[in-house]
Structures are given as structure tokens and as C-alpha cells.
Amino acid sequence: MKKILYLLLCVVLAGCGNSTQAADSGTQEPPQIPSPARATLLFAGDAMQHQAQLDQAKLRGGAHGYDYSQCFPLIAPTISEADYAVVNLEVPLGGGPVYRGYPCFSAPDSYARALRDAGFDLFLTANNHCLDSGDRAARRTLVALDSLGVDHIGTYRDSISRLKEVPFIKDINGIKVGFLNYTYGTNGIPPRDGMEVALIDRRRMAEEMAATRKAGAEILVVTVHWGVEYVLLQNRNQEDLADFLVGQGADLVIGGHPHVIQPMKVVENDSTGRKSLVVYSLGNFISNMKTGDTRGGALVRATIERDSTGTARFSDADYDIFFSSKPTGTGDNFSVIPSWMPEKIPAAQRAHWDLFARSARRIFDKHNVGVPPRHPESGIINKPGDQ
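Okay, so let's go over this structure. These figures come from a predicted structure and were not determined experimentally. (Residues numbered from 1 in each chain as written. Predicted model: local features only at pLDDT ≥ 70, side-chain atom pairs only at ≥ 80, totals over all residues. Heavy atoms only, no water.)

**Section: helix 2 (residues 51-61)**
Logical step 1: Of the residues making up helix 2, those classed as buried are Gln 53, Leu 54, Gln 56, Ala 57 and Gly 61. One face of helix 2 carries all of its buried residues, which in axial projection span an arc of 170°.
Logical step 2: Taken together, the buried residues of helix 2 touch strand 13 (284-286). (Buried < 20%, exposed > 50% of the residue type's maximum accessible area, 1.4 Å probe, protein only. Helix = DSSP H or I, 4+ residues; strand = E, 2+ residues; numbered from the N terminus. Arc of directions from axis to C-beta. Contact = heavy atoms within 4.5 Å.)

Encoded structure:
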């Protein structure tokens, strides 16, 4: 009996030994494929702050400071419904007590707070006005944005901060999206005391794009301040740089600075087989500019998806246009009005809206490739032939 028990014990121990050996042999589970996922990214253009905007916000705020509560409520639901929304903050937050409009901007923190409350998640700070109030204000802008709890890219306290903060990758609905921001210049004002502004430099851009991919970005978004002001079509320099960025693996290239809209297109990356979105200019988001093409702008909405194979890609995009109305009375304020709410546009400004909307639709209808309007039926108030 003992012999039988001994033999059984040997068999059990041998079986255990074989299991341990198999586990130690390096056998591994197959890699897990990430689950399918989907996210929407929304981009807006230049958030300006001219003197008339400051004066009206101060008039409304009185002793409580600068009040922007009337500026964005109509457009906020559209911004907030996106999974991640991006705006170009084209003013430093100088901290006061004196704030200025053009040509050397400085805005109160409450302006950025209103943009945040409207639904914007990421603020772009690399633009030609980022050093308008000097390096101290440029650094203060970063502190103020941190205090508001929003993301920001494009300017950095110093070179060490840039190395730490780039790559910037955001997990959006389970998709890792890398964002980069660059500008053509800073109105001739050089950064001082080590302040870093991300300038358009192809070598540096390629390095940071590659580093962002290496750090795990599945989607790569490059935002660029470029082009010629008030010109409704992109120029050759913009096209060449867009081609370069797509060739380096950018899934989205989003542009600003001209203060007017410019075309959008979906292109094929021959080397990767992936689609990319190129937006040359989204125009103004809000401003006190007066010429017809500067009175509004566009929002572009891009969908990114990860399929069943685990690959994340840019899928498709559409756009909306909107109007930046001016105050009609002392208690009123500037307001961003979507194209599908034309009844909200003050009667005295509807001709300005029609002028902007007709011009924008004409450019987009003729030159856009693969980027349709989200609300094709909205836009013009006074149809041809109306009195």
C-alpha cells in the first residue's frame, strides 16, 4: 500500500514539475488588441481680445472685473459636445491692472475662464502675439492657464520645461492623441531670459513629432500659426509645410492666423496609406475686426477611430460657420452666434453676416476636399432676390 502511495506521489510531483518547466520556458499570452474606440476633436480659430471687447467686458463687469458671460453661451453646447476642444488663445494674460488691445495685447484671466467654461480643453499659445506684453506676461499666461485647469501647448517657461512638456499626449476615449503647436514668428519680439516659443522649424518639428509617436501617440495633431492675413486661399508655403507635416506622419494639420477662413481638405499619405486632414485657416473665433471676411469663422470637427485590428486613424471631418456679433447697447456684449441661429443676429448686423456667410460658403464649396458642412441648409438670411 505504501508503495502504491509512493508511486502516485511521484506521478503528481512529476506533473507539477512539468507545469513549472512549461511556465518557465517563456510561453506568453498573445498580445491584447485594444478595443475599438471613437472620439471627436473640435478646433476653433483665433480668440482675439481687441480694445472694444475689453471696454465692453469692463462695462458689464464694473467693480467685479471683466464680464464675458454673454460671449459664448450660444456656441458652448456645440463645443462641449466634442470629446476634446481646442482654441487658439491669441492674447497673453498679462495680469493687469491695465489691459490692452491691438497692437500689443494683454487680456484678463476671466477671458480665458470664459473660453474654458464654453468647453475648450486645450489652449494654443504659440502665435505672433504671445510675447506682446513681454516674457513675464508670457510666463504668467502659463501659470494662469494651469490655475484654470486647462491644457496648453506652444510656449514654455524655458528649454527644460519644453523638454519635459513635449511630447504632450492626451488620452481621449481610450485613444492616445499627441498635440504640437508652432508659429511662424512673434512680431519681431525675441524671447528673453530663456523663454521658449515653438517656432516653425522643420528639423525641430520632425524631431518632436517623432518623439511624440515614440511616446505612444496613436494620432498626431500639429497646429500651425501661418499664412497671410486676410487672404482667403492658402499660399505655396502653407501647402509645402502641410505636405511636409503629413509626410512626417501628421494625422491632422490645423492652421490659423489669417483671421479669415481658408480651405480644408482630406489627403492621402502615400507612404502610410492613412488619411490626413489639413485645415489652412479657421478664421477668427471672436474679435472686433470689421471687414466682412473677418466677422466670423469656422469650427472643424474631426472624428478619430480605432478599429477592430487595434489601429487608430483619422476617419472623417465636417465644419460649421458662425458669426461674431458686436454689442448693440451698453448692457450687451460680443457674442459668437452659430449659423443655425440666424435669428439671434442683431438686425443691424445681418447684412454683415450674409456677406461673411456667402464668402465662406463660396470658398469652402469650391475648394474643400472631403470636408462637408455639418449644417448645409443654414447660413444665408437674405436669399438672392430678397428685398
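**Focus on empty space enclosed by the protein**
Logical step 1: Across all of its chains, the model carries three cavities of 30 Å³ or more by this definition.
Logical step 2: If you add up the space inside the largest cavity, you get close to 110 Å³.
Logical step 3: Along the walls of the largest cavity sit 16 residues, with Asn 88, Leu 124, Ile 254, Gly 255 and Gly 256 positioned nearest its centre.
Logical step 4: Element by element, the count of residues in the lining of the largest cavity is highest for strand 1 (residues 37-47), at four residues.
Logical step 5: Broken down by class, the residue content of the lining of the largest cavity amounts to eight nonpolar, seven polar and one charged. (1 Å grid on protein atoms, 1.4 Å probe; cavity = no way out; pocket = protein on both sides within 12 Å on 5 of 7 lines; lining within 4 Å. Points joined across faces, edges and corners; volume = space filled by probe spheres on them. Nonpolar A, V, L, I, M, F, W, Y, C, P; charged D, E, K, R; others polar.)

**A closer look at the sheet that holds strand 6 (residues 168-172)**
Logical step 1: Overall, mixed pairing links the six strands, which are arranged 6-7-9-10-12-11 in an open sheet. Lying at the two open borders of the sheet, with one neighbouring strand each, are strand 6 and strand 11 (261-268). Within this sheet the neighbouring strands show an average axis-to-axis angle of 15°, counted without direction.
Logical step 2: Across three bridges, strand 10 (residues 252-256) lies against strand 12 (residues 275-282) in parallel orientation. By the bridge assignment, Leu 252 is partnered in strand 12 with Leu 277.
Logical step 3: With respect to the sheet, helix 7 (residues 202-214) is in contact with strand 6, strand 7 (175-183) and strand 9 (219-225), its orientation differing from that of strand 7 by roughly 165°. (Pairing = 2+ DSSP bridges. Axes fitted to C-alpha atoms, helices over the stretch in contact; angles between N-to-C directions.)

**What about the side chain of Asn 181?**
Logical step 1: Looking at the element boundaries, Asn 181 is found in strand 7.
Logical step 2: Within the local environment of Asn 181, its side chain forms a polar contact with the backbone nitrogen of Thr 125, the two atoms lying 3.3 Å apart.
Logical step 3: Of note is the side chain of Asn 181, whose polar atom sits 2.9 Å from the backbone nitrogen of Ala 126.
Logical step 4: Setting aside its immediate chain neighbours within four residues, Asn 181 contacts Leu 124, Thr 125, Ala 126, Ile 153, Gly 154, Ala 198 and Thr 223. (Polar contact = N/O pair within 3.5 Å; in protein donor to acceptor, adjacent residues only side chain to side chain.)

**Quick notes on the environment of Leu 145**
Logical step 1: Within the fold, Leu 145 resides in helix 5 (residues 134-148).
Logical step 2: Residues Leu 145 and Asp 109, spaced 36 residues apart in sequence, show a C-alpha to C-alpha distance of 8.3 Å.
Logical step 3: The residues touching Leu 145, leaving out its near neighbours within four places in the chain, are Leu 89, Leu 93, Ala 112, Phe 123, Thr 125, Val 150 and His 152.

**Details of the nonpolar core**
Logical step 1: Phe 43, Phe 179, Leu 245, Leu 252 and Leu 277 are the most contacted members of the largest nonpolar core, which has 66 residues in total.
Logical step 2: Setting aside chain neighbours within four positions, we find Leu 245 in contact with Met 205, Met 209, Val 222, Val 224, Ala 250 and Val 253.
Logical step 3: In this structure, Ala 47, Ile 75, Ala 112 and Leu 115 belong to the second largest nonpolar core, which totals 38 residues. (Core = buried A, V, L, I, M, F, W, Y, C linked by side-chain atoms within 4.5 Å.)

**Quick notes on the pairing of strand 6**
The side chains of a regular strand alternate, residue by residue, between the two faces of the sheet.
Logical step 1: Pairing geometry for strand 6 and strand 7, over five bridges, is antiparallel. The partner of Lys 170 across the bridge, within strand 7, is Val 177.
Logical step 2: A loop of two residues connects strand 6 with strand 7, the two strands running antiparallel in sequence, and Asn 173 in this loop sits at a positive phi of about 55°.

**Comments concerning the packing of aromatic side chains**
Logical step 1: Applying the stated criterion to the full structure yields twelve aromatic pairs.
Logical step 2: A ring pair is formed by Tyr 66 and Tyr 99, whose centres lie 5.3 Å apart and whose planes are at 85°; its orientation type is edge-to-face. In this pair, Tyr 66 sits in the loop between helix 2 and helix 3 (76-80) while Tyr 99 sits in the loop between strand 2 (84-89) and helix 4 (109-117), placing the two residues 33 residues apart along the sequence.
Logical step 3: A relative accessible area of 16% places Tyr 99 in the buried class.
Logical step 4: A centroid spacing of 5.5 Å and a plane angle of 70° characterise the contact between Phe 285 and Phe 322, whose relative ring orientation is edge-to-face. Pair noted here: Phe 285 is in strand 13 and Phe 322 is in strand 15 (residues 312-325), with a separation of 37 residues, a long-range link. Each member of the pair, Phe 285 together with Phe 322, is buried.
Logical step 5: Here the aromatic cluster, defined as three or more aromatic residues joined through ring pairs, consists of Phe 72, Phe 120, Phe 285 and Phe 322. (Phe/Tyr/Trp six-rings, centres within 6.5 Å; stacked < 30°, edge-to-face > 60°.)

**A closer look at helix 7**
Logical step 1: Over its 13 residues, helix 7 extends 18 Å from the first C-alpha to the last, a length consistent with the 18 Å expected when each residue adds 1.5 Å.
Logical step 2: Regarding helix 7, the residues found buried are Met 205, Ala 206, Glu 208, Met 209 and Thr 212.
Logical step 3: Contacts from the buried residues of helix 7 go to helix 6 (159-165), strand 6, strand 7, strand 9 and helix 8 (236-247).
Logical step 4: Put simply, Asp 201 is the residue that caps the front of helix 7, since its side-chain oxygen is 3.0 Å from the backbone nitrogen of Arg 203. (Expected span 1.5 Å × (residues − 1).)

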